[in-house]
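Spelled out from the first residue to the last, the chains are:
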Amino acid sequence: MSTLGSRALVALLPVVAAFGACTVDEPLRPRGDGPAVARAMGFFARERASDPLVEARRAYERDALFREARFVDAVAPGHLFDSTRIDEAAIESGSIGVDTLWQIGAQLFHHELSPAEGLGGADLPFPRRFHSGFRGGPDATSCASCHWRGGMAGAGDGADQAYLQGDGDRASSALPRDPISLVGAGYVELAAREMSAELAAQREALAAFAKATGRVARAPIRAKGVEFGVLSVDSEGRVDPLELVGVDADLVVRPFGHKGSFSSLRDAVEDALLVHHGLQTSHLVAARPRIVAKLGPYPADDPDGDGVVDEITEGQLSALTAFVAMTEVPIEDVPDSPLVSVSMLAEGRARFVAIGCASCHVPTLELASTRWALPSRTGGAPLVVELDREGADPKLRPRATDGRYALSLYSDLKRHDMGESLAERRSDRGVPSAQFVTRPLWGLAASAPYLHDGRAPTIHEAIILHDGEAREARDAYVALGEAGQAPLRVFLQSLTRAPTYTVR
Ligand code: HEC
Ligand code: HEC
């Protein structure tokens, strides 16, 4: 056994090294022996061949590579994690190719973390199912353990729920949340940024008017056709948020998290690293004096006291964020089946609009640009990715007529009051208990279970459980009866993800 094992390893080491297209092809060595070397390993593909046979063969090749690499990690523990230790300065200098960056981000997303790599903390037993305040679990060994359903970076099942902001002990103290599919997250961030910019421009215009006239200026505000209530600005530029609807007083659209907690994908990713894995970014640790409760009681450079410093570098965070931002867009697809006719699909789509679903689940948002930029936090140049050319397949393509983009998101990226029956036990970070961001329905069929706490096993249940502002639309759905609901469900089933090949 041991002879065979070592012979096989000798044979596979050069294979893995050969895939290190990134920085250096150095011999592998145990962790702690010199600086870590970032490498794109070739486990994950950003592009898809149109021929399914080619895709299937590539899936086998990638899987073989991945299996081998795990043995390398057994010989030199930490090797796989070190392969994600990419240098932020190198990213900002533009010397790292987009594919390398994506691969390294994907490696980190799928990597099963160990305590030696910073998983958990001295005072945090692993796993801790119910989070303790904003410090979190840790509740999982990898991002992919919750984000997998429907394909890479997908949704999660009921067992993958996160129990946020609890007392560390009881389910009843926490806020149960269903893992959200991350597909198309970069495009969503861009749409939200464009909307925030539109709203800010309206605030500036009102402020200028108020200043010029010396009176309070008051007007309805909207972005990408979505109405956000009425904004009042006085002659001093002070904003009265009382009549705003579905957005915070700062007019920043926050699409991430069920409650709309983050506008920035990087902030959401940084928070996920902390609360699910106890991995503290160097950036958060530097801000520690302000956020002790979030990081832990131990000394400055290792606030969670696990003996690992510099757990996640800025470069690793950038790569992980870029990977999430570059994920594919979902597709709309129905099988070629006599049961599902084209007219049925069209009927369902029309019903969706007619009964009021589309008032919140806005079918398309116009996007001006798919140029995704991650601003540097270390004073360097931003990392820029052109998602329509450099994102993972399938990508969002520009319209031939005007070069703009139609984002088929089925969301207004706005918070709505969904009524007492869907409300959580308390508010979250200032957002009232019954308010949730309109869940985008793209990729819906590949993301069960549904609603913020996964209480709806099927799409039908999810609709039936709508309440509050969505009560009327829900009642209209019920009133359709079985024959009228079927086409609507067929349409919703057509919102899915492109098929992928995975070897298990
Ligand atoms: C224990 C399960 C779990 C793990 C592990 C996990 N997530 Fe999540 N993720 C969730 C849940 C639940 C939400 C919704 C949270 C909320 O409502 O605020 C979420 C939301 C997100 C979002 C916001 C998506 C959106 O469109 O609103 C991002 C981005 C994200 N996770 C990235 C990650 C990354 C990166 C990792 C690994 C570092 C990770 N997650 C690990 C469960 C998990
Ligand atoms: C007032 C706005 C509003 C209207 C109208 C509305 N929805 Fe929703 N929808 C939401 C919000 C907000 C959520 C997220 C609720 C939650 O997470 O608990 C949601 C969630 C969903 C989900 C679950 C998605 C998931 O991934 O969990 C489905 C399916 C859905 N809506 C379909 C519909 C259909 C079909 C209609 C029309 C009958 C409709 N909605 C009308 C706001 C609305």
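Residues numbered from 1 in each chain as written. Chains lettered and ligands numbered in written order. Predicted model: local features only at pLDDT ≥ 70, side-chain atom pairs only at ≥ 80, totals over all residues.

### What to know about the overall build of the chain
Move 1: Counting secondary structure elements, the chain contains 15 helices and 13 strands.
Move 2: Its C-alpha atoms give the chain a radius of gyration of 24 Å, within 12% of the compact-globule value 23 Å for 504 residues.
Move 3: Principal-axis analysis of the C-alpha atoms gives the chain an extent of 75 × 65 × 50 Å.
Move 4: Taken across its 504 residues, the chain has 41% of its residues classed as buried.
Move 5: The long-range fraction of contacts in the chain, counting pairs at least 24 apart against all pairs at least 6 apart in sequence, stands at 68%. (Helix = DSSP H or I, 4+ residues; strand = E, 2+ residues; numbered from the N terminus. Rg over C-alpha atoms; globule rule 2.2 N^0.38 Å. Buried ≥ 20, exposed ≤ 12 C-beta atoms within 10 Å, placed from the backbone. Contact = placed C-beta atoms within 7 Å.)

### Describing the packing of helix H7 (residues 265-277) against helix H10 (residues 314-325)
Move 1: Contact geometry of H7 with H10 gives a least axis separation of 9 Å together with a crossing angle of 115°. Judged by the sense of rotation from one axis to the other, the crossing of H7 with H10 is right-handed. Between H7 and H10, the residues in contact are Leu-265, Arg-266, Val-269 and Glu-270 and Leu-317, Leu-320, Thr-321, Val-324 and Ala-325, respectively.
Move 2: When its residues are assigned to classes, the contact of H7 with H10 shows six nonpolar, one polar and two charged. (Axes fitted to C-alpha atoms, helices over the stretch in contact; angles between N-to-C directions. Left-handed = near helix turned anticlockwise from the far one by under 90°. Nonpolar A, V, L, I, M, F, W, Y, C, P; charged D, E, K, R; others polar.)

### Re the packing of helix H5 (residues 98-110) against H10
Move 1: Contact geometry for H5 and H10: axes closest at 7 Å, N-to-C directions at 95°. Judged on the interaxial angle alone, H10 and H5 are roughly perpendicular. Residues Leu-101, Trp-102, Ile-104, Gly-105, Ala-106, Leu-108 and Phe-109 of H5 pack against Gln-316, Ala-319, Leu-320, Ala-322 and Phe-323 of H10.
Move 2: When grouped by side-chain class, the residues that make up the contact of H5 with H10 number ten nonpolar, two polar and no charged. (Parallel < 35°, antiparallel > 145°, perpendicular 65-115°, else oblique.)

### Let's talk about the site of ligand 1
Move 1: Around ligand 1 sit 28 residues, and of these Ala-140, Cys-143, Cys-146, Gly-257 and His-258 come closest.
Move 2: Broken down by secondary-structure element, the contributors of at least two residues to the shell around ligand 1 are H7 and H10.
Move 3: Top element by residues in the shell around ligand 1 is H7. It accounts for seven residues.
Move 4: Residue composition of the shell around ligand 1, grouped by class: 16 nonpolar, seven polar and five charged. (Near = placed C-beta within 6 Å.)

### Thoughts on the site of ligand 2
Move 1: Around ligand 2 there are 28 residues in total, and Cys-357, Cys-360, Tyr-450, His-452 and Ala-470 lie nearest to it.
Move 2: Across the shell around ligand 2, the residue classes tally to 16 nonpolar, nine polar and three charged.

### Some remarks on the environment of Asp-139
Move 1: Along the chain, Asp-139 falls in the loop between H5 and strand E1 (162-164).
Move 2: Expressed as a C-alpha distance, the spacing of Asp-139 and Pro-127, which sit twelve residues apart in the sequence, is 4.9 Å.
Move 3: The residues touching Asp-139, leaving out its near neighbours within four places in the chain, are Pro-127, Arg-128, Arg-129, Ala-162 and His-276.

### Observations regarding the sheet that holds strand E4 (residues 226-233)
Where strands meet in a sheet, backbone hydrogen bonds hold them as pairs that are either parallel or antiparallel.
Move 1: With antiparallel pairing, three strands are arranged side by side in an open sheet as E3-E4-E5. Across the chains shown, the open sheet's two edge strands, defined by having one partner strand only, are strand E3 (217-223) and strand E5 (239-240).
Move 2: In terms of strand pairing, E4 meets E5 through two bridges, oriented antiparallel. In the strand pairing of E5, Ser-232 is matched with Asp-240. (Pairing = 2+ DSSP bridges.)

### Considerations on the pairing of strand E8 (residues 371-374)
Move 1: Side chains of E8 alternate between two faces, with Trp-372 and Leu-374 buried and Arg-371 and Ala-373 left unburied.
Move 2: As paired strands, E8 and strand E9 (residues 383-386) are joined by four bridges and run antiparallel to one another. Bridge assignment links Leu-374 to a residue of E9, and that residue is Leu-383.

### Thoughts on the confidence of the model for the chain
Should the pLDDT be low somewhere, the predicted coordinates at that spot are not to be read in detail.
Move 1: Across the chain, the average pLDDT comes to 92, with 93% of residues at 70 or higher.
Move 2: Counting interchain partners and residues more than four positions distant, the pLDDT-below-50 stretch residues 1-33 has 39 contacts. (pLDDT = per-residue confidence, 0-100.)

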